[in-house]
Amino acid sequence: QVWLDCQVMEQNEGLTINWDSVEQLFDPALLDSLFYAWETLLLTLATDADSWQRPCQPPLPDSDAHLWRTLNDTACLWPDAQTATLTSGFLAQARSHPRQTALVAE
């Protein structure tokens, strides 16, 4: 079962886009927001040749934009920011507690 199916096709000298989704899995506002951002991106690419050379910045509702800015706020200083990797914390815990369960996957 596909949760979100995006169909894009050329039709009658235009572009037709359609999403099929399992609506019970998504907040309706989220799907509306995502579709609006996707549609806006496609329209921008279709009408502004220079947009292909710029980073994409999809439009977001104010509440989503605020959340995005908050989650991506990198102003905090991490003690090991210059040397840390994605797995650094995990490996440090494994070294500190070698006999403890490190990972459970089901």
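Residues numbered from 1 in each chain as written. Predicted model: local features only at pLDDT ≥ 70, side-chain atom pairs only at ≥ 80, totals over all residues. Heavy atoms only, no water.

Participant: Can you explain the packing of aromatic side chains? Please cite residues and give values.
Facilitator: Applying the stated criterion across every chain, the model contains 1 aromatic pair. Between Trp-19 and Phe-35, the ring centres sit 5.3 Å apart and the planes meet at 85°, which makes this aromatic pair edge-to-face. Highlighted residues: Trp-19 in strand S2 (residues 14–21) and Phe-35 in helix H1 (residues 28–47), separated in sequence by 16 residues. (Phe/Tyr/Trp six-rings, centres within 6.5 Å; stacked < 30°, edge-to-face > 60°. Helix = DSSP H or I, 4+ residues; strand = E, 2+ residues; numbered from the N terminus.)

Participant: So what's going on with the side chain of Ser-33? Residues and values would help.
Facilitator: Relative to the elements of secondary structure, Ser-33 occurs in helix H1. Apart from residues no more than four positions distant in its own chain, Ser-33 is found in contact with Pro-61 and Asp-64. (Contact = heavy atoms within 4.5 Å.)

Participant: Any chance you could break down unusual backbone geometry for me, citing the residues and the numbers?
Facilitator: The backbone phi angle of Asn-12 is positive, close to 50°, even though this residue is not glycine. Taking the relative accessible area as the measure of exposure, Asn-12 reaches 74% and is therefore exposed. For Glu-13, which is not glycine, the phi dihedral falls at a positive 60°. The topology assignment puts Glu-13 in the loop between strand S1 (4–11) and S2. Assessed through its relative accessible area of 89%, Glu-13 is described here as exposed. (Buried < 20%, exposed > 50% of the residue type's maximum accessible area, 1.4 Å probe, protein only.)

Participant: A description of H1 should follow, citing residues and the corresponding values.
Facilitator: Each α-helix winds once per 3.6 residues, and so residues spaced three or four apart point in a common direction. Taking 1.5 Å of rise per residue, 20 residues should cover 28 Å, and H1 covers 28 Å from first to last C-alpha, within 8% of that figure. Every buried residue belonging to H1 is among Leu-31, Ser-33, Ala-37 and Leu-42, and all of these are buried. One side of H1 holds all its buried residues, which, seen down the axis, span an arc of 165°. Opposite the packed face of H1, turned more than 90 degrees from it, sit the exposed residues Pro-28, Asp-32, Leu-43, Ala-46 and Thr-47. (Expected span 1.5 Å × (residues − 1). Arc of directions from axis to C-beta.)

Participant: Please set out the layout of surface pockets residue by residue, giving values where relevant.
Facilitator: Of the pockets and cavities examined, the largest pocket occupies roughly 160 Å³. As for the largest pocket, its lining consists of Ala-37, Thr-40, Leu-41, Thr-44, Leu-45, Ser-51, Arg-54, Pro-55, Cys-56, Gln-57, Pro-58 and Pro-59. When its residues are assigned to classes, the lining of the largest pocket shows 7 nonpolar, 4 polar and 1 charged. (1 Å grid on protein atoms, 1.4 Å probe; cavity = no way out; pocket = protein on both sides within 12 Å on 5 of 7 lines; lining within 4 Å. Points joined across faces, edges and corners; volume = space filled by probe spheres on them. Nonpolar A, V, L, I, M, F, W, Y, C, P; charged D, E, K, R; others polar.)

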